[in-house]
Amino acid sequence: MLKHVSALFKQFFGVRYESSIKSLLIAAIIYTAASSAELQIPIAPFILYLTSVFFTAGIMWQLLTGKRQIEAMQGMLILPFDNRSFVFPYVFVLGMHTLIVRTLPIWALFYSAASWNAQEIFLSVFCGIMACMAAAAWYLMFRKGQIAVPVLWGAGLLAIILLVRQWTAVLTASIVSLAAAVLYLTFADAYDFYSADATKKTVRHTSQTGSVFIYFLRYLMTNKSYLINSAGLCAIACFLPKLLGEFHGLNLFPVGLALLLLNTPICTLLSSDPDLEQAVRILPGQADKFLIKYGLFIFSVSAITAAVYLCSWQMTEGGIGPEHVGMLFLFAMQSGILSAMLEWKYPLRSWKTESDLWHHPRKYIVPIGMLLMAAIVSVYPFVLWIWSAVILAECCALLYAAGRE
């Protein structure tokens, strides 16, 4: 079993465990830089506990559902092993990767930005450990169709952290949750974590029919994490107008549009699926045709989220006019073009898990550019006409290039 653990560690952390070393260095730099700035922010302890639980659980869920995880699991299942005794080492390795690579930098930022006592720091770490175990149990429950239990379980934790906010209550809930997760995983089967990669069938269909847009739709429907991410953005779009509307005298409608473009999974389809990338690149004349269809796909998803934001703004703040609808299309279209170009020209290669892929710094390039444009548009509305002409020229160039192929 130790061989399995060692193999999993190398799979997720690298041969020389370089991912963990890099994460430790990043956490140390964040903590040192923030502490040196001497900027103390009053943060309620329940915010730290809430982040430790649900951010960690979300990353753990990404690892459990990731395609690279499925490949690693498939390799492990070929080797002889004790079925049930494999569960805890497997969850342990994924939990360690989640805590060290993803949650630790967040903790470093929290610990340096405010003053915490030893009890609060201990509870935040304990909450993170509990979240890893609970996420593994929730994942198995979802796969078995026991959806109500993890939903109520998570809602109960959320209610205790948000409403009670007492150290003792949060600690008690965490201990009970950890014990329940360990008990459930004790009777779990290692094969319960393995799911066949359904996207391979979609890739074969795409290569046979040549319908890239159909592939995008099927890929979106077969990857629940992508749907959850898009649904989460739609939920944020419902509440964002209320938050931005509180800044009276400032036109922050474009800022909300820019923030909602941070749909990382949709913008990394080629990087996450090397089979599709190879199939597209080896076919002659596919570059521009692919860019058009991929850009339209990103535009469609972004436009749906932006439409929810537009409707919510009208219901909460009012004053929606033709210029707001025009901004919706401009932001969504520009995001689609730039994201497709980045993914085609600079695909991400050296990643080990989908979490590494989705949290790559490249994900912030387009949203930051759109935020800068939002700031310009807010101050100088006439820039919208110039921007419209630029986007029209970009679309004509892509159509002309595709027509020549």
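Reference entry: report on the structure contained in this document.

**Points about empty space enclosed by the protein**
Here is step 1: The tally for this structure, following the rule as stated, stands at two cavities of 30 Å³ or more.
Here is step 2: Of the pockets and cavities examined, the largest cavity occupies roughly 150 Å³.
Here is step 3: In terms of lining residues, the largest cavity is bounded by 16 residues, among which Cys267, Ser339, Arg362, Lys363 and Val366 are the most central.
Here is step 4: When residues of the lining of the largest cavity are traced back to their parent elements, those giving at least two are helix 16 (322-345) and helix 18 (365-379).
Here is step 5: Residue contributions to the lining of the largest cavity peak at three residues, all from helix 16.
Here is step 6: Among the residues making up the lining of the largest cavity, the classes are represented as eight nonpolar, six polar and two charged.
Here is step 7: Taken as a whole, the second largest cavity spans an internal volume of roughly 30 Å³.
Here is step 8: The wall of the second largest cavity is formed by Leu261, Asn263, Ile266, Cys267, Ile298, Val301 and Ser302.
Here is step 9: Of the residues belonging to the lining of the second largest cavity, the class tally is five nonpolar, two polar and no charged.

**Looking at helix 2 (residues 18-37)**
Here is step 1: In this model, helix 2 (20 residues) spans 28 Å end to end at C-alpha, consistent with the 28 Å of a helix rising 1.5 Å per residue.
Here is step 2: Turning to helix 2, its buried residues are Ser19, Ser20, Ser23 and Ala27. All buried residues of helix 2 lie within an arc of 95° about the axis, which places them on one face of the element. Projecting away from the buried face of helix 2 at angles above 90 degrees are the exposed residues Lys22, Leu25, Ile29 and Ser36.
Here is step 3: One or two residues past the end of helix 2 sits Glu38, with phi positive at roughly 55°.

**Observations concerning the environment of Ala44**
Here is step 1: Residue placement: Ala44 occurs in the loop between helix 2 and helix 3 (45-65).
Here is step 2: With 72 residues separating them in the primary sequence, Ala44 and Trp116 have C-alpha atoms 9.8 Å apart.

**Section: the packing of aromatic side chains**
In this description, a pair of aromatic rings is defined by centroid distance and the angle of the planes.
Here is step 1: In this structure the tally under the stated criterion is ten aromatic pairs.
Here is step 2: Plain terms: the ring middles of Phe122 and Phe126 are 6.1 Å apart, the flat faces sit at 25° to each other, and that makes the pair stacked. Highlighted residues: Phe122 and Phe126, both in helix 6 (residues 118-143), separated by four residues, approximately one helical turn.
Here is step 3: A relative accessible area of 18% places Phe126 in the buried class.
Here is step 4: Judged by centre distance (5.1 Å) and plane angle (25°), the ring pair of Phe253 and Tyr309 falls under stacked. Of this pair, Phe253 sits in helix 12 (residues 253-259) while Tyr309 sits in helix 15 (residues 286-316), placing them 56 residues apart in sequence. This pair shows no difference in class: Phe253 is buried, exactly as Tyr309 is.
Here is step 5: Sitting over the ring of Phe46, Arg165 keeps its end group 3.8 Å from the ring centre.

About the thresholds
- Residues numbered from 1 in each chain as written.
- Predicted model: local features only at pLDDT ≥ 70, side-chain atom pairs only at ≥ 80, totals over all residues.
- Heavy atoms only, no water.
- 1 Å grid on protein atoms, 1.4 Å probe; cavity = no way out; pocket = protein on both sides within 12 Å on 5 of 7 lines; lining within 4 Å.
- Points joined across faces, edges and corners; volume = space filled by probe spheres on them.
- Helix = DSSP H or I, 4+ residues; strand = E, 2+ residues; numbered from the N terminus.
- Nonpolar A, V, L, I, M, F, W, Y, C, P; charged D, E, K, R; others polar.
- Expected span 1.5 Å × (residues − 1).
- Buried < 20%, exposed > 50% of the residue type's maximum accessible area, 1.4 Å probe, protein only.
- Arc of directions from axis to C-beta.
- Phe/Tyr/Trp six-rings, centres within 6.5 Å; stacked < 30°, edge-to-face > 60°.
- Lys NZ or Arg CZ within 6 Å of the ring centre and 35° of its normal.

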